[in-house]
Amino acid sequence: MPSIADLAMRPGEEDEDRLDRSRLMAWLNLDAISSCRCLVVGAGALGNEVVKGLVLSGFLDITLVDMDHVVMSNLNRCVLLRPEDAGNSRAKAPAVAERANRLVGRDAVHPMVTRVEEFDGWNSMDLVLGCLDNIGARLHVNARCCLAGIPYVDGGTDGMRGKVQVIVDEGPCLQCTTNRSHYAVLERRYSCTGSATTLYRPHMAAEITTTSVVAAVQVREALKLVSGMQIACIRHVMYYDGMAGTCEILEASINPGCPNHYTCSPSH
Ligand SMILES: [Zn+2]
């Protein structure tokens, strides 16, 4: 039988456990988090921050999809990219994966350099986080998640403003909350060629503080979802205004004309 001395933790021993302070948050299910098959779509600004937050939180099975290459103008808001990545025109996904894996000393992030429209592993995912800068790709991910019945945490930024939406099968999806101005952008994006090859590429204002806030909220919602705390998730759409210093939840509802709900929930 072990003695009291054997059972007692030596001073400082808990500091040897990388997730010791996370374990003190009773609602976190670290076993579920470590085994969650998580897809991150986009390895740009939001993708960098989201992947950083996921690996530090204990996610160990992350697939990261992005087709772009690093350029210097990415570097004002991408913590895991380096000037030499831009110099070498390195693909974003493997660069982010390499640095994130080094952060935690584990092979936690698996990069795929491909268009999200060509990704076909939806049914083997437990959770998807969207870190995309265009509404067309976001609607594609939204539709695939609805079809496969996977929770989708969508994030977006525009200068000092940002939004996060948690899409689960009984609630409104991204397409339900997409308005006419989004579709106008979509039409302009595709109008030049009539195909996915785009001539319209807006350069939107972007900096690290709004990116950090939005990505942190995305990761926190992911932690709630995986830990069985869906009841505590953002129920509608969270809007953040960094200039005003405000954050508000705006109510959204299922659009009866949205095709996604016929596939993900026949009762709607
Ligand atoms: Zn919908």
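The shown structure was predicted, so the numbers you read here are calculated from the model rather than taken from an experiment.

What to know about the overall build of the protein chain
Phase 1: Along its length, the protein chain carries ten helices and eight strands.
Phase 2: Within the protein chain, the fraction of its 268 residues that count as buried is 46%.
Phase 3: When the accessible area of the protein chain is evaluated, it comes to approximately 13800 Å², of which 54% is carbon and sulfur surface.

Quick word on the sheet that holds strand S3 (residues 109-112)
Where strands meet in a sheet, backbone hydrogen bonds hold them as pairs that are either parallel or antiparallel.
Phase 1: Taken in spatial order, the eight strands line up as S3-S2-S1-S4-S5-S6-S7-S8 in an open sheet, and their pairing is mixed. Strands at the two margins of the open sheet, each flanked by one partner only, are S3 and strand S8 (246-250). On average, each strand axis in the sheet is tilted by 15 degrees relative to the strand beside it, whichever way the strands run.
Phase 2: Pairing geometry for strand S2 (residues 61-65) and S3, over four bridges, is parallel. Its bridge partner lying in S3, Thr63 is registered against His110.
Phase 3: The strands touched by helix H4 (residues 45-57) within the sheet are strand S1 (37-41), S2, S3, strand S4 (127-130) and strand S5 (152-158), with S1 carrying the most contacts at an inclination of about 160 degrees.

Quick notes on the side chain of Asn134
Phase 1: Tracing the backbone shows Asn134 in the loop between S4 and helix H7 (135-148).
Phase 2: Engagement of the side chain of Asn134 in a polar contact is seen with the backbone nitrogen of Ala137, the distance being 2.8 Å.

Topic: the pairing of S2
Phase 1: Within S2, four of the five residues are buried, leaving the element largely enclosed by the surrounding structure.
Phase 2: Inspection of the sheet shows S1 paired to S2 by five bridges, in the parallel sense. Each bridged residue has a counterpart across the sheet, and for Leu39 the counterpart in S2 is Thr63.
Phase 3: You can see the chain leave S1, run along H4 and come back into S2, and the turn it takes is right-handed.

Some details on the coordination of the zinc ion
Phase 1: Protein coordination at the zinc ion comes from Cys173 (SG), Cys176 (SG), Cys258 (SG) and His261 (NE2), with a distance range of 2.2 to 2.3 Å.
Phase 2: Taken together, the four donor atoms coordinating the zinc ion span angles of 85 to 124 degrees at the metal, a pattern that classifies the geometry as tetrahedral.
Phase 3: Here the donor residues for the zinc ion map to a single chain with the spacing C-x2-C-x81-C-x2-H. Judged on exposure class, the residue Cys173 and its partner Cys176 are both buried.

Overview of the nonpolar core
Phase 1: Core analysis: the largest hydrophobic core is formed by 49 residues, its most contacted members being Leu54, Phe59, Val109 and Leu127.
Phase 2: With eight residues, helix H9 (residues 208-226) is the largest single contributor of residues to this core.
Phase 3: When sequence neighbours within four positions are dropped, the list of residues in contact with Val109 reads Val51, Val55, Ile62, Leu64, Ala97, Ala100 and Asn101.
Phase 4: Core analysis: the next-biggest nonpolar cluster, separate from the first, contains 22 residues, Val41, Val116, Leu139 and Ile167 among them.

A short note on helix H6 (residues 92-104)
Phase 1: With 13 residues, H6 extends 19 Å between its outermost C-alpha atoms, agreeing within 8% with the 18 Å of an ideal straight helix rising 1.5 Å per residue.
Phase 2: Within H6, burial applies to Lys92, Ala93, Ala95, Val96, Ala97, Arg99, Ala100, Asn101 and Val104.
Phase 3: In the stretch just after H6, Gly105 is the one whose phi turns positive, near 65 degrees.

Regarding unusual backbone geometry
Phase 1: Phi is positive for Ser89, which is not a glycine, with a value near 50 degrees.
Phase 2: Here Ser89 lies in the loop between helix H5 (83-87) and H6.

Some details on the pattern of salt bridges
Phase 1: Per the stated rule, a full pass over the model turns up 17 salt bridges.
Phase 2: A salt bridge links Asp15 to Arg21; its shortest N-O distance comes to 2.9 Å.
Phase 3: Residue Asp15 is classed as partly exposed on the basis of its relative accessible area of 48%.
Phase 4: Across the pair Asp158 and Arg161 runs a salt bridge whose closest N-O atoms are separated by 3.5 Å.
Phase 5: When its relative accessible area of 36% is taken as the criterion, Asp158 is described as partly exposed.

Concerning the environment of Phe59
Phase 1: Relative to the elements of secondary structure, Phe59 occurs in the loop between H4 and S2.
Phase 2: For the pair Phe59 and Arg37, spaced 22 residues apart in the sequence, the C-alpha separation amounts to 8.4 Å.
Phase 3: The residues touching Phe59, leaving out its near neighbours within four places in the chain, are Ile33, Cys36, Cys38, Leu54, Ala108, Leu127, Ala222, Leu223 and Val226.

Rules used throughout
Residues numbered from 1 in each chain as written. Predicted model: local features only at pLDDT ≥ 70, side-chain atom pairs only at ≥ 80, totals over all residues. Heavy atoms only, no water. Helix = DSSP H or I, 4+ residues; strand = E, 2+ residues; numbered from the N terminus. Buried < 20%, exposed > 50% of the residue type's maximum accessible area, 1.4 Å probe, protein only. Areas by Shrake-Rupley, 256 points an atom, 1.4 Å probe, with all protein chains shown as cover. Pairing = 2+ DSSP bridges. Axes fitted to C-alpha atoms, helices over the stretch in contact; angles between N-to-C directions. Contact = heavy atoms within 4.5 Å. Polar contact = N/O pair within 3.5 Å; in protein donor to acceptor, adjacent residues only side chain to side chain. Right-handed = clockwise from strand over helix to strand, strands pointing away. Donors = N, O, S within 2.8 Å, 3.2 Å for Na, K, Ca; no water. Tetrahedral: all angles 85-135°; square planar, octahedral: opposite > 155°, others 65-115°. Core = buried A, V, L, I, M, F, W, Y, C linked by side-chain atoms within 4.5 Å. Expected span 1.5 Å × (residues − 1). Salt bridge = Lys/Arg side-chain N within 4 Å of Asp/Glu carboxyl O.

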